[in-house]
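Fold and contact review
So you can see what is in the structure, the chains are spelled out below.
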Amino acid sequence: MKTLTDAGTKNWGAYTVKSGIIASKWRAFYNGNPYFLVDCKLFPGSSGSIIITKATGLGSAVGSFEFFQFLGVYSGEFYRRKETIEFDEMTLIRKETYNIGIAWYYDIIEQIIN
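Residues numbered from 1 in each chain as written. Predicted model: local features only at pLDDT ≥ 70, side-chain atom pairs only at ≥ 80, totals over all residues. Heavy atoms only, no water.

Here we come to the overall build of the protein. Broken down by element type, the protein carries 1 helix and 8 strands. Scanning the protein from its N terminus toward the C terminus, one meets helices and strands in the order β-β-β-β-β-β-β-β-α. In the protein, which comprises 114 residues, the proportion classed as buried is 29%. Split by element, the accessible area of the protein, about 7,900 Å² in all, is 55% carbon and sulfur. (Helix = DSSP H or I, 4+ residues; strand = E, 2+ residues; numbered from the N terminus. Buried < 20%, exposed > 50% of the residue type's maximum accessible area, 1.4 Å probe, protein only. Areas by Shrake-Rupley, 256 points an atom, 1.4 Å probe, with all protein chains shown as cover.)

Quick look at the structure:
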């Protein structure tokens, strides 16, 4: 499994590629929600990144291309609130993350778009 992000450039040819694994049962809704879990350390701002895998001819990913299959879209990660720091007009929240991300299944994305 790989995620691609634009890497903050204006050039669409420059991507950041991260590797990870699917951390929940594929095609099963996690806790009743239409997403799966990924075990991958991503950067803040990675939400919206596509998740792909090498094409094997075995999966049911609808976004199949010659070299990869589109699995879903990364939307964030689970975290635990660790500490709240109050300033005059601002509140900072320190988070402890587990490096377990949430990715929405490709067909849910298609339903939202259509």
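Scanning the model with the defined rule gives 2 salt bridges in all. A salt bridge links R27 to D107; the nearest nitrogen and oxygen atoms lie 2.8 Å apart. Note that R27 is positioned in the loop between β3 (21–22) and β4 (35–39) and D107 in helix α1 (residues 106–113), a separation of 80 residues in sequence. The shortest N-O distance in the salt bridge between R94 and E83 comes to 3.0 Å. Residue R94 is found in strand β8 (residues 91–105), and its partner E83 is found in strand β7 (residues 68–86); the two are separated by 11 residues along the sequence. Among the residues examined, R94 registers a relative accessible area of 44% and is labelled partly exposed. Judged by relative accessible area, which is 34%, E83 ranks as partly exposed. (Salt bridge = Lys/Arg side-chain N within 4 Å of Asp/Glu carboxyl O.)

So, about unusual backbone geometry. Despite not being glycine, R27 has its phi angle at roughly 70°, a positive value. Not every positive phi belongs to a glycine, and N31 is a case in point at roughly 50°. Here N31 shows up in the loop between β3 and β4. On the accessibility criterion, N31 (63% relative accessible area) is exposed.

Let us look at the nonpolar core. Membership of the largest hydrophobic core is limited to 10 residues, which are F36, V38, C40, L42, I51, L71, Y74, A103, Y105 and I108. Breaking this core down by element, the ones donating at least two residues are β4, β7 and β8. (Core = buried A, V, L, I, M, F, W, Y, C linked by side-chain atoms within 4.5 Å.)

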